[in-house]
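Residues per chain, in single letters:
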Amino acid sequence: MNNTENTNNDDVRLMKGNEALAEAAIRAGMDGYFGYPITPQSEVLEYFAQECPKRGGVVLQAESEVASINMIYGAAGTGARVMTSSSSPGISLMQEGLSYIASAQLPCLVVNVVRGGPGLGTIQPSQGDYFQAVKGGGHGDYHLIVLAPASVQEMADFVFEGFRLAEKYRNPSMILSDGALGQMMEKVVLPPAGSLPKTKYDWTTVGKPAGRERNIITSLFIQPEKMEQINLNLQAKYEELKKEVKFENFNTEDAEIMLVAFGLSSRICQKAVDLAREKGIKLGLLRPITLYPYPYDRLRELAAQVEFFLVVEMNAGQMVEDVRLAVEGRKPVYFKGRMGGMIPSPEDIFAEVETILEKQSISQE
Amino acid sequence: METLQAIDGMELVYKKPSTLTDTVFHYCPGCGHSVVHRVLMEVVEELGIQEKTIGVAPVGCSVFAYHYLDIDMQEAAHGRASAVATGIKRMLPDKYVFSYQGDGDLAAIGTAETIHTVNRGENLLIVFINNAIYGMTGGQMAPTSLLGMMTSTTPYGRDKDLIGYPLKITELVANLPGAYYVTRQAVHTPNAVRKLKKAITRGFQNQDLKKGTSFIEVVSNCPSGWKMTPVESIGYLENNMFPQYPLGDIKVPQDGK
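The rules we used
All residue numbers refer to position in the chain's written sequence, counted from 1. To label them, take the chains in the order written and letter them from A, then take the ligands in the order written and number them from 1. With pLDDT at 70 or above as the cut-off, local features in this predicted model cover only qualifying residues; side-chain atom pairs require 80 or more to be listed or tallied, and sums for whole chains, interfaces and linings still use all residues. For the purposes of this entry, the term helix denotes a DSSP run of H or I that reaches at least four residues, the term strand denotes a run of E that reaches at least two, and both are numbered from the N terminus. To sort residues by burial, count the other C-beta atoms lying within 10 Å of each one's C-beta; a count of 20 or more means buried, 12 or fewer means exposed, and anything in between means partly exposed. C-beta atoms are built from the backbone. Each residue is represented by a C-beta atom placed from its backbone, and any two residues with such atoms within 7 Å are regarded as in contact. Note that the radius of gyration is over C-alpha atoms, with the globule rule given as 2.2 Å times the number of residues to the power 0.38. Two strands qualify as a pair provided that DSSP identifies no fewer than 2 bridges between them. Between the N-to-C directions of two axes lies an angle of 0 to 180 degrees, each axis being a line fitted to C-alpha atoms and, for a helix, fitted only over the stretch in contact. The labels follow the angle: roughly parallel below 35 degrees, roughly antiparallel above 145, roughly perpendicular from 65 to 115, and oblique for the rest. Whether a crossing is left-handed or right-handed is set by the direction in which the near helix is turned from the far one by less than a right angle, anticlockwise for left-handed and clockwise for right-handed. As a working rule, the residues Ala, Val, Leu, Ile, Met, Phe, Trp, Tyr, Cys and Pro are called nonpolar, Asp, Glu, Lys and Arg charged, and the rest polar, with Gly in that last group. In this analysis, the expected span of each helix is defined as 1.5 Å times one less than the number of residues it contains. For this entry, the nonpolar core is defined as buried Ala, Val, Leu, Ile, Met, Phe, Trp, Tyr and Cys residues connected by C-beta atoms within 7 Å. For each domain, the first and last residues come from an automatic or database assignment. How sure the predictor is of each residue is captured by pLDDT, a score from 0 to 100.

1. Quick word on the overall build of chain B
Looking only at helices and strands, chain B has nine helices and nine strands in total. Oriented by its inertia axes, the alpha-carbon framework of chain B measures out at about 55 × 45 × 35 Å. Taken over 257 residues, chain B has a buried fraction of 52%. Taking the contacts inside chain B whose residues are at least 6 apart along the sequence as the reference set, 67% of them involve residues at least 24 apart.

Now the structure itself:
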């Protein structure tokens with residue numbers, strides 16, 4: 001492309017979030033994609049259908065999300081780098097498969113371009129699947145690694161990070177996006193192809209050569225002693241995962257009031273911080289980037305610094321529970337949310353901060 | 001394990017295939033599963049494809065199939081074995097892949113996966129054990145249970161007006177263009193076992209041709225679930241099951257082998 005400002009060979013493009021994600025996956029060396037169309041993420045499957053026949057990688061439109069996540073199970077078991085994507089109702093259908101994948105410890109990447117619910121809901125953006133993503137979602141004690149992008153750039157970057165973490169920990173990763181991030185167009189610097197090395201595993205089912213024990217991929221451990229040990233192993237892994245926690249501080253150093261938001265909400269909150277700063281109010285923002293593992297420690301630190309927290313989400317109040325767990329009652333934790341595909345404005349958020357400040361000053365008089 | 005030797009002066013004519021593990025089958029006396037396991041592994045041994053074969057076990061009585069088959073295997077969620085097998089085969093198109101599924105798994109909860117796997121013509125083998133009952137969970141009605149059949153969930157007999165008809169899913173998948181080879185076999189007599197072995201051999205060899213799905217139904221028995229002796233269950237097969245599920249090839253490739 002002809003971009004005169006772009007002097008250093010970066011591959012800069014204007015792309016939809018869903019397309020940037022798909023392009024990044026091809027560059028990340030994805031071996032296979034299995035998916036089913038659903039708004040607002042159908043561009044992902046369409047992009048692969050267009051590109052994979054030319055550039056390599058298996059792409060298959062399954063008969064359902066139930067089938068696609070189980071194809072992922074089979075394909076991941078061969079050691080291939082595989083992913084699927086869907087939106088909220090389809091991700092609900094995948095929960096059975098995700099539980100099996102987590103138990104069998106298979107690396108893969110799952111993308112949820114979240115839309116408003118519950119039920120068939122709406123195709124507009126939402127963050128209503130937070131609980132489902134970070135607390136397990138399917139049956140049994142397990143967790144996904146959850147990354148929350150806030151830009152088209154991160155839709156691309158987190159594909160690499162999602163695969164890297166999934167393969168390092170033999171655990172499914174999820175990118176928890178939303179309908180706005182999937183559909184909106186922004187400038188994106190595409191990561192170079194071939195920069196994510198592949199590991200040759202010894203646990204894969206690829207055919208048993210003479211002299212090695214057969215490999216079995218299963219989540220069935222009928223003796224409770226064995227099943228408990230599997231659970232202990234998983235819990236030890238989740239403990240180890242804590243070191244991968246990532247968050248972004250935005251004007252936090254001198255902040256007296258702290259917004260907490262992830263994904264698209266965090267982007268809107270940045271504007272609210274700017275509005276407040278213009279009026280001399282020391283507002284800051286903590287943005288969790290990994291939603292699992294979660295930055296409990298950083299929030300606990302901030303509880304010593306700020307007057308109160310305001311958690312902003314596009315749901316009825318889900319991540320706010322984790323903020324309260326971290327803050328442990330040391331400071332008030334307020335919540336501002338929109339639901340059903342509605343998006344809060346920076347002015348709404350700033351007005352909420354002012355309302356809380358007003359109430360506090362009345363109660364102090 | 002020590003290699004089996006013929007007793008002095010006698011000829012060794014039959015032994016456990018090297019592709020079966022030494023684990024003792026958990027199946028009930030008289031059950032057909034262990035015979036089908038054995039035949040599968042005899043074929044894998046004789047074709048010399050142990051290093052290139054990946055199996056998918058179902059949920060049901062054969063949920064532990066991977067304890068016995070000495071090959072790389074994956075254990076699928078209930079009904080999803082053919083989707084899992086699809087994922088494996090798409091990644092490893094030159095390996096031999098099969099799913100092993102019972103009637104509840106393949107023809108009830110996994111109906112969509114079964115039909116679409118075959119309709120895509122996935123180049124793999126599906127082995128379908130039809131014993132007309134849910135054995136693992138204690139003898140409930142299966143989609144293939146016969147009309148009038150007494151099970152724990154049809155204690156007065158399967159009534160078509162209440163719960164519909166036995167599902168002949170093998171005839172159904174044979175209608176799909178992606179089905180390359182469809183046959184219905186049994187394991188109730190030595191001759192039937194020999195015929196099944198030929199069919200399974202073909203199911204593996206067909207994968208070299210990359211022309212579609214091979215689908216083998218084995219009409220089998222469940223003495224425990226049917227509340228019969230093994231011998232009585234063979235009689236039930238012949239008198240009741242085979243009339244509903246007639247044995248033989250249903251779709252045979254027209255081109256060559």
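Still to come is the rest of the account.
2. Focus on the overall build of chain A
Secondary structure assignment for chain A yields 13 helices and 15 strands. Against the globule reference of 21 Å for 365 residues, chain A gives a C-alpha radius of gyration of 21 Å, in line with a compact fold. Residues classed as buried in chain A amount to 51% of the 365 residues present. Of all intrachain contacts in chain A linking residues separated by at least 6 positions in sequence, the fraction that spans at least 24 positions is 78%.

3. Things to note about the interface of chain A and chain B
If you look at the interface, chain A gives 33 residues, while chain B gives 29 residues. Of all the secondary structure elements, the ones that give two or more residues to the side of chain A that touches chain B are strand 2 (32-35), strand 3 (58-61), helix 3 (65-76), helix 5 (95-104) and strand 9 (216-217) of chain A. With seven residues, the single largest contributor to the side of chain A that touches chain B is helix 3 of chain A. In terms of strand pairing, strand 9 of chain A meets strand 2 (residues 72-75) of chain B through two bridges, oriented parallel. Bridge assignment links A:Ile217 to a residue of strand 2 of chain B, and that residue is B:Gln74.

4. Here we look at the environment of B:Asp249
Residue and element names in this part refer to chain B. On the secondary structure map, aspartate 249 appears in strand 9 (residues 248-251). Aspartate 249 gets classed as partly exposed once you count the C-beta atoms within 10 Å, which come to 14. Separated by 67 residues in sequence, aspartate 249 and valine 182 have C-alpha atoms that sit 6.3 Å apart.

5. So, the packing of helix 3 of chain A against helix 5 of chain A
Residues and elements named next belong to chain A. Running from amino to carboxyl end, helix 3 crosses helix 5 at an angle of 20°, the nearest separation of the two axes being 8 Å. Relative to helix 5, the element helix 3 lies roughly parallel. Along this stretch, helix 3 crosses helix 5, giving a crossing that reads as left-handed. Touching Ile69, Asn70, Ile72, Tyr73 and Ala76 of helix 3 are Gly97, Leu98, Tyr100 and Ile101, all from helix 5. Along the lines of polarity and charge, the residues of the contact of helix 3 with helix 5 split into seven nonpolar, two polar and no charged.

6. Some words on the sheet that holds strand 14 (residues 308-313) of chain A
Residues and elements named next belong to chain A. With mixed pairing, five strands are arranged side by side in an open sheet as 10-12-11-14-15. For this open sheet the edge positions go to strand 10 (247-250) and strand 15 (333-337), each flanked by a neighbour on one side alone. The mean inter-strand angle of the sheet, taken between neighbouring strand axes irrespective of direction, is 20°. Bridge count for strand 11 (residues 257-260) against strand 12 (residues 283-288) is four bridges, and the pairing is parallel. By the bridge assignment, methionine 258 is partnered in strand 12 with glycine 284. On top of the sheet, helix 10 (residues 263-278) reaches strand 10, strand 11, strand 12 and strand 14; it is set at about 165° to strand 12, its chief contact.

7. Description of helix 1 (residues 33-47) of chain B
All names here are of chain B. Its 15 residues place the ends of helix 1 21 Å apart at the C-alpha level, agreeing with the 21 Å of an ideal helix rising 1.5 Å per residue. Buried residues along helix 1 sit in contact with strand 1 (53-57), strand 4 (125-130), helix 7 (190-209) and strand 8 (213-219). Directly beyond the C-terminal end of helix 1, a positive phi value near 65° is found at glycine 48.

8. Some points on the sheet that holds strand 4 (residues 82-86) of chain A
Residue and element names in this part refer to chain A. Strand order in the open sheet formed by seven strands is 3-2-4-5-7-6-13, and the pairing between neighbours is mixed. With one partner strand each, in any of the chains shown, strand 3 and strand 13 (290-292) form the two edges of the open sheet. In this sheet, adjacent strand axes meet at a mean angle of 20° when their direction is disregarded. Pairing analysis gives four bridges linking strand 2 to strand 3, with the strands arranged parallel. Bridge assignment links phenylalanine 34 to a residue of strand 3, and that residue is leucine 60. Lying over the sheet, helix 2 (residues 42-55) contacts strand 2, strand 3, strand 4 and strand 5 (108-114), oriented at roughly 135° with respect to strand 3.

9. Here we look at the nonpolar core
Taken as a class, soluble globular proteins show a tendency for nonpolar side chains to be buried jointly. Formed by 181 residues in total, the largest nonpolar core has its most connected members in A:Val146, A:Leu259, A:Val311 and B:Val127. When residues are assigned to domains, this core turns out to be shared by domain 1 (11-243) and domain 2 (248-364) of chain A, each giving three or more. Here A:Val311 is in contact with A:Val260, A:Ala261, A:Met319, A:Val320, A:Val323, A:Val333 and A:Phe335, once residues within four sequence places are set aside.

10. Considering the confidence of the model for chain B
Looking at chain B, the pLDDT average stands at 96 and 97% of residues meet or exceed 70. Among the prediction metrics, the complex's ipTM stands at 0.95, with pTM recorded as 0.96.

11. Observations regarding the packing of helix 11 (residues 296-303) of chain A against helix 12 (residues 319-327) of chain A
All names here are of chain A. It is the contact of helix 11 with helix 12, at a shortest axis distance of 8 Å, that shows an interaxial angle of 60°. The angle between helix 11 and helix 12 falls in the class oblique. Helix 11 and helix 12 meet at a crossing whose hand is right-handed. Across the interface between the two elements, Tyr296, Leu299, Arg300 and Ala303 of helix 11 pack against Val323, Leu325, Ala326 and Val327 of helix 12. Partitioned by chemical class, the residues of the contact of helix 11 with helix 12 number seven nonpolar, no polar and one charged.

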